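Reading the structure
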Amino acid sequence: GMSARFAQLGLRTFAPLAPGRGLALECGLALECGRALSLSSRRTLSSGAAPAAAAKGKDVSYTVDADGVALIRLDAQGEKMNTLTKKLMLEFDELLASLQADLSVKAAVLISSKPDNFIAGADIKMLAACTTAGEAAALAQAGQRIMDKIASSKTPIVAAINGACMGGGLEVALACHQRVASSGAKTALAVPEVMLGLLPGSGGTQRLPRLIGAAAALDMMLTGKTIKPDRAKKMGLVDLVVDPHALERTAIAAAKALASGTAKRSVAKKNRSWMEWALEATPPGRALLFSQAETAVLKQTKGKYPAPPAILAVVKAGLEGGHAKGSAEESALFGKLAVTPECGALQGLFFGQTACKKNPFGKPATAIETVGVLGAGLMGAGIAQVSATKGFHVYLKDTAAAGLARGEAQIANSLAKKVQKKSLSPFIRDVQLANVTGLSDDDANWRALLGKSQLVIEAVFEEISVKHKVVALLEELLPPSAVIASNTSTLPLGQIAKHAKHPERVVGMHYFSPVEQMPLLEVIPHAGTSKQTCAVAVDVGIRQGKTVIVVKDVPGFYVNRCLGPMIAEAMALVQSGTDPLALNEAMKAFGFPVGPITLADEVGIDVTTHVVHNLTADLGVRMAGADLKYLDELVAAKILGKKTRLGFFSYDEAPKGAKPGAPVKGGKVLNPKAMDLLAKYRTSVPQRTPPTEEVQHRMSGRFINEALRCLQDGVVSSPSDGDIGAVFGIGFPPFLGGPFRYVDTIGASAYVQRMSKLADAYGEQFAPPQIVVDMAKAGKTFHAKP
């Protein structure tokens, strides 16, 4: 619920020129490009014999055919993916020299020996090791030199692309003289560097605009979006798209045609429209193009992300001053960006997310293929969808046929939107929908079918007696090895499992709403949960595409536990004189996706109140500072937010004939009824208007304090998990990297001073936790310095 909505409204910052892409966590998506900038998944190739040349421990090797075409094979030894490591780049450089010298070679094809990966990008580890801007700029220059050698090679080189072609991988392909892509499902082209706070540093900012036009190139570089083969062909990013089986021979034919002169090298955009020429080749046109892009970027990033403006500057330098000048600017700004705190924060999130893709409990004893979901409400249907789209067979069960139909329609509509946007083919959509078997009490055999599930996730009403009935029912239906998971957000797992015959197979899987968009999943073992049960829950979460953190069974788990004190602080501030609109703006300026007042309306004031009440007993003084009866009064008056069209804000009436689920308009003006109720609470508290910075420090401090406490008390197991949970569960500003990274950046002692001052002024709910006091005394950081 609550926290999820926050994050969902948020991380749009990552798609500067694509305002409507919601959270889809562009960040997540790219970070998800664990494919893209892989690296951390250093697993060895287990199958397939290596080509003879590669067996000598070479990452790059070539053979020449009878027609004088050299087939250059990329095969990073002992790695699942090709990345541009130092070793691979050195070997490639040597190989280019020997190609030029080899008189039998008339043309070359560059192809990968990996099954679904061309080049997944640069080696981020190399980058993370850079401590100065100069070192990072030198890395970029080394990359640029190799790309320039490819581009200026007298021997024509054709890139044959199958699988992920990301970042530095796409820059290699751009330097080649033609590009042939396979139509395989895994083929994808992108420059996702912006997600890591960087820009494409090996000539990408110079060659991409020349090849596909500045507007399309800026869109790719500023959003990090992934381009599929057909779209790439339309844009002119690749010259041909062929079936994977035909890739090698088509690329060889293309190389021969280049060698014989029957085909031309494709390095600049063919058929530029008059409009494109006017925008790119004339000074007034360029001024217009870049001023519009700058406005859009500023609106999206609020000036918090340094990479997008740097990308604009470098592309502009190249368009105006040529390749050499643009390249010099590219490496210099790449170096500067690499040492910014934002880049460190985004890289930390990337490495954290990659770590969350590994199961700390190991592989489950049996592979899970069938998942049951109990309850076809908003959450249940969402959980069914993310399972079905990732290939699980799903039994979706609701008591009433009408409830089931609603849930099935939700899934169908969600997938229909993807088909409409062309991000999903109708055929794959039908396959995914066929993975869901709907069941209701009207079906005579529902018990037998649901009983086939290897894991059942219940998403029924949040009432402990209902949960106990569900556990009893499932124990009766399921085989002994099956796992029973609860999507509860407020009930302790230990209590849910209390009457179970086998409490060891009960576990919490707390999803965030809307499930199909929110990347985070909290897996919550109770004291008696077995390791095997945890292994299954984490495994299924990872396969559903979620970023999984394992959290202790305490009220609020991790994300909502940190959110509670921040809500209490929001109420304390408005009750003591802060204007609710000013509070919203202050937190947006700090970097949160939406203000806390909007958040409460989005999620529902009733849900917000529930989160708060769930924590008051356990957190005690850490929930102090406000009279929370104000929230109860709003709920009693049916002022519940967007859903009742009255919350802290007023919303427009539903237009005649509006469908349920249609977007609610309004929400700009404060609701007079909510303000009247607030007035009563303001009479008992001295009123003042604190400065913006104080508002930001009080709000963020309450959240961060609780996150620090969670690490101190073992609720989360590492600072990295704590950062991931805060950013992907609640939209903590990604450019700050999460609460722990933020404390590292400002320094533990500065943070302790800030919070101690606030505690002296406003009460011990601000007192910094022991863990950070100790950290300050020892002069240490939560994250190891690279």
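Residues numbered from 1 in each chain as written. Predicted model: local features only at pLDDT ≥ 70, side-chain atom pairs only at ≥ 80, totals over all residues. Heavy atoms only, no water.

Let us look at the overall build of the chain. Helix and strand counts for the chain stand at 33 helices and 19 strands. Its C-alpha atoms give the chain a radius of gyration of 28 Å, near enough to 28 Å, the size a compact globule of 786 residues would have. Along the longest, intermediate and shortest principal axes, the C-alpha atoms of the chain span 85 × 65 × 60 Å. Buried residues in the chain amount to 56% of all 786 residues. For the chain, the proportion of contacts with a sequence separation of at least 24, taken over those separated by at least 6, is 75%. Distance between charge centroids for the chain: 4 Å, based on 88 positive and 69 negative side chains. (Helix = DSSP H or I, 4+ residues; strand = E, 2+ residues; numbered from the N terminus. Rg over C-alpha atoms; globule rule 2.2 N^0.38 Å. Buried < 20%, exposed > 50% of the residue type's maximum accessible area, 1.4 Å probe, protein only. Contact = heavy atoms within 4.5 Å. Lys, Arg positive; Asp, Glu negative; His and termini not counted. Charge placed at Lys NZ, Arg CZ, Asp CG, Glu CD.)

Moving on, we get to the packing of helix α13 (residues 307-321) against helix α14 (residues 323-338). Where α13 meets α14, the closest approach of the two axes is 7 Å, and the angle between their N-to-C directions is 165°. One way to sum up the angle between α13 and α14 is to call them roughly antiparallel. The handedness of the crossing between α13 and α14 is right-handed. Of the residues in α14, those touching α13 at Ala307, Ala310, Ala313, Val314, Ala317, Gly318 and Gly321 are His323, Lys325, Gly326, Glu329, Glu330, Leu333 and Leu337. (Axes fitted to C-alpha atoms, helices over the stretch in contact; angles between N-to-C directions. Parallel < 35°, antiparallel > 145°, perpendicular 65-115°, else oblique. Left-handed = near helix turned anticlockwise from the far one by under 90°.)

In this section: the pairing of strand β1 (residues 60-64). Bridging between β1 and strand β2 (residues 69-74) involves five bridges; their strand directions are antiparallel. In the strand pairing of β2, Ser61 is matched with Arg73. Adjacent in sequence and paired antiparallel, β1 and β2 are bridged by four residues, among which Gly68 carries a positive phi angle near 80°. (Pairing = 2+ DSSP bridges.)

So, on to a positive patch on the surface. Together, Lys390, Lys417, Lys418 and Lys421 give the surface a local cluster of positive charge. Following the sequence through the fold, Lys390 ends up in the loop between α16 (378-388) and β11 (393-398). (Patch = residues over 30% accessible without salt bridge, like charges linked within 9 Å, V, L, I, M, F, W, Y side chains within 5 Å. Areas by Shrake-Rupley, 256 points an atom, 1.4 Å probe, with all protein chains shown as cover. Salt bridge = Lys/Arg side-chain N within 4 Å of Asp/Glu carboxyl O.)

As a further point, take the sheet that holds strand β6 (residues 164-166). With parallel pairing, the three strands of this open sheet are ordered in space as β4-β6-β8. A strand with exactly one partner marks an edge of an open sheet, and here the two such strands are β4 (117-119) and β8 (188-190). Averaged over all adjacent pairs, the angle separating strand axes in this sheet is 15°, with direction ignored. Note that β6 and β8 share three bridges and pair parallel. In the sheet register, Met166 faces β8, and the bridge partner there is Ala190. Where helix α6 (residues 168-175) meets the sheet, its contacts fall on β4, β6 and β8, and the angle it forms with β6 comes to roughly 85°.

Before going further, it helps to examine helix α22 (residues 531-543). Over its 13 residues, α22 extends 18 Å from the first C-alpha to the last, a length consistent with the 18 Å expected when each residue adds 1.5 Å. In terms of residue burial, α22 counts as a mostly covered element, since 10 of its 13 residues are buried. Along α22, the residues classified as buried are Thr533, Cys534, Ala535, Val536, Ala537, Val538, Asp539, Val540, Gly541 and Ile542. Of the surrounding elements, those touching the buried residues of α22 are β13 (455-458), β14 (483-486), β15 (506-511), β16 (520-525) and β17 (547-550). Directly beyond the C-terminal end of α22, a positive phi value near 90° is found at Gly545. (Expected span 1.5 Å × (residues − 1).)

Attention shifts here to the packing of helix α32 (residues 748-762) against helix α33 (residues 770-778). Orientation of α32 relative to α33, taken along the N-to-C sense of each, is 130°, at an axis distance of 8 Å. Considered as vectors, α32 and α33 are oriented oblique to each other. Viewed along their axes, α32 and α33 form a crossing whose handedness is left-handed. Contact residues: Ala748, Ser749, Tyr751 and Val752 in α32; Val772, Val773, Met775 and Ala776 in α33. Partitioned by chemical class, the residues of the contact of α32 with α33 number seven nonpolar, one polar and no charged. (Nonpolar A, V, L, I, M, F, W, Y, C, P; charged D, E, K, R; others polar.)

Moving on, we come to the side chain of Gln206. Within the fold, Gln206 resides in helix α7 (residues 204-212). With near-sequence residues (within four places) excluded, Gln206 lies in contact with Val314, Gly318, Gly322, His323, Gly326, Ser327 and Glu330.

With 16 residues, helix α3 (residues 86-101) extends 23 Å between its outermost C-alpha atoms, agreeing within 8% with the 22 Å of an ideal straight helix rising 1.5 Å per residue. Among the residues making up α3, those that are buried are Leu88, Met89, Glu91, Phe92, Leu95, Leu96 and Leu99. Buried residues along α3 cover an arc of 160° about the axis, so they all sit on one side. Exposed residues pointing more than 90 degrees away from the buried face of α3 are listed as Lys86, Leu90, Glu94 and Ala101. Here the buried face of α3 lies against β1, β2, β3 (107-112), α5 (133-152) and β5 (157-161). (Arc of directions from axis to C-beta.)

In this section: the side chain of Lys467. Looking at the secondary structure, you find Lys467 in helix α20 (residues 464-477). With a relative accessible area of 1%, Lys467 lands in the buried category. Engagement of the side chain of Lys467 in a polar contact is seen with the side chain of Glu458, the distance being 3.0 Å. Ignoring anything within four residues of it in the chain, the contact list for Lys467 reads Glu458, Val460, Phe461, Glu462, Ser486, Thr488, Leu491 and Ile496. (Polar contact = N/O pair within 3.5 Å; in protein donor to acceptor, adjacent residues only side chain to side chain.)

Backbone geometry follows two general trends: most residues other than glycine have a negative phi, and most peptide bonds adopt the trans configuration. At the junction of Ser513 and Pro514, the peptide bond is cis and its omega measures out at -5° in the coordinates. In this structure, Pro514 sits in the loop between β15 and β16. Although it is not a glycine, Lys302 sits at a positive phi angle of roughly 50°. Of note, Lys302 is situated in the loop between α12 (283-301) and α13.

Let's shift gears to the nonpolar core. Membership of the largest hydrophobic core comes to 102 residues, with the highest contact counts inside it found for Tyr558, Leu583, Tyr630, Leu634, Phe648, Phe732 and Phe782. With 10 residues, the single largest contributor to this core is helix α23 (residues 559-575). Look past the residues within four positions of Phe648 in its chain and what remains in contact with it is Met571, Ile597, Ala600, Asp601, Ile605, Tyr630, Leu631, Leu634, Leu670, Asn671, Ala674 and Met675. By size, the runner-up hydrophobic cluster in this structure holds 74 residues, among which are Leu84, Leu96, Met147 and Leu333. (Core = buried A, V, L, I, M, F, W, Y, C linked by side-chain atoms within 4.5 Å.)

Once that is clear, we can look at the packing of aromatic side chains. In total, this model carries 10 aromatic pairs according to the counting rule given. Summarising the aromatic geometry, the rings of Tyr630 and Phe648 are spaced 6.2 Å apart at their centres and angled 65° between planes, so their arrangement reads as edge-to-face. With Tyr630 in helix α27 (residues 629-636) and Phe648 in the loop between α27 and β18 (649-651), this residue pair connects regions lying 18 residues apart in the sequence. Of the two residues, Tyr630 and Phe648, both sit in the buried class. The rings of Phe590, Phe592, Phe703, Phe732 and Tyr742 are connected pair by pair, giving a single aromatic cluster. In this structure, Lys397 packs its charged tip against the face of Trp446, placed 4.2 Å from the ring centre. One Lys or Arg, Arg702, reaches over the ring of Phe766 and ends 5.6 Å from the middle of that ring. (Phe/Tyr/Trp six-rings, centres within 6.5 Å; stacked < 30°, edge-to-face > 60°. Lys NZ or Arg CZ within 6 Å of the ring centre and 35° of its normal.)

Here we come to the environment of Gly362. Positionally, Gly362 belongs in the loop between α15 (341-355) and β10 (370-374). The class of Gly362 is partly exposed, set by a relative accessible area of 29%. Between the C-alpha atom of Gly362 and that of Val538, which follows or precedes it by 176 residues, the distance is 9.2 Å.

A separate point is the pattern of salt bridges. The final tally for this structure, using the stated rule, is 30 salt bridges. Residues Lys225 and Asp219 are paired through a salt bridge, measuring 2.4 Å at the closest nitrogen-oxygen approach. Across the pair Lys397 and Asp441 runs a salt bridge, and its minimum N-O distance is 2.7 Å. Here the residue Lys397 occupies a position in strand β11, and Asp441 occupies one in the loop between β12 (436-440) and α19 (446-450), the gap between them amounting to 44 residues. Owing to a relative accessible area of 38%, Asp441 belongs among the partly exposed residues under this scheme. Bridged by salt links that share partners, the residues Glu569, Arg688, Glu694, Arg698 and Arg702 form one connected network.

The values reported here are purely geometric and, on their own, carry no functional implication.
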